Amino acid sequence: EKGGYDYFMLKEIAEQPKAVADTLLGRTDGSGSLTLDEVRIPANVLREVGKVVIVACGTAFHAGLIAKYAIEHWTRVPCEVELASEFRYRDPILDQQTLVVAISQSGETMDTLMALRHAREQGAKVLAICNTNGSTIPRESDAVLYTHAGPEVAVASTKAFLTQLVACYLVALYLGQVRGTKYADEIRAVVRDLGSIAGAVERVLETMEPVRELARSLAEKDTVLFLGRHVGYPVALEGALKLKELAYMHAEGFAAGELKHGPIALIEEDLPVVVVVPSPRGRSVLHDKIVSNIQEIRARGARTIVVAEEGDDAVVPYADHLIRVPVTPTLLQPLVATVPLQVFACELATARGNEVDQPRNLAKSVTVE
Ligand code: BG6
């Protein structure tokens, strides 16, 4: 049932183009508009939403962090993202105009379930983004947008994460479409662009051999750091989480702008640092700033592993290892930039002799608080 792969995780990484395409199926059309009638929250309720609050755990939380950039940009509705385990213990401010989005692959994570129960008690509307039909979280929510990743067996989430991102973008774009924003043209363009993402992920997967080779060469290291900015920051957090879960290595993700406020003290000779570089188009100021970050850490001896868009030549002189990802709209970049980091962690875990599908101490779904 591993379909010829050594591990479920490898199979699930390879299934990502299909998972992404299946999650889009029937929800977008060629003209750039979205049909999310299944969400069942009436358009007039969505128009009244004053705040979006996303709750989730682990990898799903990282999808939520990325969603915040998309939701606030396309809808101009304020969005908070919170770890489900923290949410209900701090007396969060919720009312009927709050849309709570609970993201969960399994639909059974107790922390997320308790957070959504608390939100509904306060009168908020809850939309679940979930991969498991009929599980508890969608059953207890006002509405659900299913991700169509298919069953995910490996404990460390890969294809479910990519489909959670797709679902989050759909929610953000749909909210923007229903409410009408000055970004209407951009929204239509991005809906069309989503159609080419599965192909882009496929292309990334075809170029992973050097990443695997690099991972094997780092098997003896103790620490790997990850840096990113804008939507690349949660990608850095996700890259670090994968490495902790699978390779049992000390891995941390930082916002690149924070480097000078602390993390740069960690840089030493030959320390591997993965840097997720934003597109040189769009947010070009951020691109230039991250290029100087790469120079700074390299000057201090770091071994730089740079994930950058095809055609981004500015990074070339400072990259000890360069991982190319296809050109995508800025906000969608995590869909392609996360994939090499999954492959990297999986290969490092294998090189270190770890059990890839069933890492020590972890469970696929945590049904206790
Ligand atoms: C964790 C899993 O315990 O639960 C993670 O090991 C996962 O991989 C997290 O991201 C959240 O799970 P779910 O099912 O709510 O998305």
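About the thresholds
Residues numbered from 1 in each chain as written. Predicted model: local features only at pLDDT ≥ 70, side-chain atom pairs only at ≥ 80, totals over all residues. Heavy atoms only, no water. Phe/Tyr/Trp six-rings, centres within 6.5 Å; stacked < 30°, edge-to-face > 60°. Helix = DSSP H or I, 4+ residues; strand = E, 2+ residues; numbered from the N terminus. Buried < 20%, exposed > 50% of the residue type's maximum accessible area, 1.4 Å probe, protein only. Lys NZ or Arg CZ within 6 Å of the ring centre and 35° of its normal. Core = buried A, V, L, I, M, F, W, Y, C linked by side-chain atoms within 4.5 Å. Contact = heavy atoms within 4.5 Å. Near = heavy atom within 4 Å. Polar contact = N/O pair within 3.5 Å; in protein donor to acceptor, adjacent residues only side chain to side chain. Areas by Shrake-Rupley, 256 points an atom, 1.4 Å probe, with all protein chains shown as cover. Nonpolar A, V, L, I, M, F, W, Y, C, P; charged D, E, K, R; others polar. Pairing = 2+ DSSP bridges. Axes fitted to C-alpha atoms, helices over the stretch in contact; angles between N-to-C directions.

- The name given to the protein chain in an unreviewed UniProt entry is Glutamine--fructose-6-phosphate aminotransferase [isomerizing], and the organism recorded there is Streptomyces thermocarboxydus.

### A word on the packing of aromatic side chains
- In total, this model carries one aromatic pair according to the counting rule given.
- With a centroid separation of 6.4 Å and 65 degrees between ring planes, the pair formed by W74 and Y169 is classed as edge-to-face. Of this pair, W74 sits in helix α4 (residues 58-75) while Y169 sits in helix α8 (residues 159-179), and the two are 95 residues apart along the sequence. Note on accessibility: W74 and Y169 belong to one class, buried.
- In this structure, R360 packs its charged tip against the face of Y248, placed 3.9 Å from the ring centre.

### Here's the deal with the nonpolar core
- Counting residues in hydrophobic clusters, the biggest one holds 99 residues, and the most contacted among them are V52, W74, F226, L243 and F344.
- Sorting elements by how many residues they give to this core places α8 first, with 14 residues.
- Every residue in contact with F226, bar those within four places of it in the chain, is listed here: A236, G239, A240, L243, A251, E252, G253, F254, V274, L341 and F344.
- Listed in part, the 19 residues of the second largest apolar core include F254, I267, V291 and V306.

### As for the site of the ligand
- Near the ligand lie 14 residues; those nearest to it are T59, S104, Q105, S106 and T109.
- Taking S104, its side chain carries an N or O atom lying 2.6 Å from an oxygen atom of the ligand.
- Between an oxygen atom of the ligand and a side-chain N or O atom of T109, the distance comes to 2.5 Å.
- Notes on the ligand: free accessible area 390 Å², of which the protein chains cover 90%.
- Broken down by element, the shell around the ligand gets its largest block of residues, three residues, from α4.
- In terms of residue class, the shell around the ligand is made up of five nonpolar, seven polar and two charged.

### What about the sheet that holds strand β9 (residues 303-309)?
- Spatial ordering of the open sheet is given by β7-β6-β8-β9-β10, a layout of five strands whose pairing is parallel. Of all strands in the sheet, those with a lone pairing partner are β7 (250-255) and β10 (321-325), marking the two edges. Between one strand axis and the next, the sheet turns through 20 degrees on average, direction left out of account.

### Notes on the sheet that holds strand β1 (residues 51-56)
- The five strands lie next to each other as β2-β1-β3-β4-β5, forming an open sheet whose pairing is parallel. Where the open sheet ends on each side, the last strands, each with one partner, are β2 (79-83) and β5 (143-146). Between one strand axis and the next, the sheet turns by 20 degrees as a mean value, whatever way the strands run.
- Alignment of strand β4 (residues 125-130) against β5, held across four bridges, turns out to be parallel. Bridging from a neighbouring strand, A128 pairs with V144 of β5.
- In the packing of α4 onto the sheet, contacts are made with β1, β2 and β3 (98-104), and the angle to β2 comes to roughly 175 degrees.
- On the sheet, α8 packs against β1, β3, β4 and β5 and is oriented at approximately 145 degrees with respect to β4.

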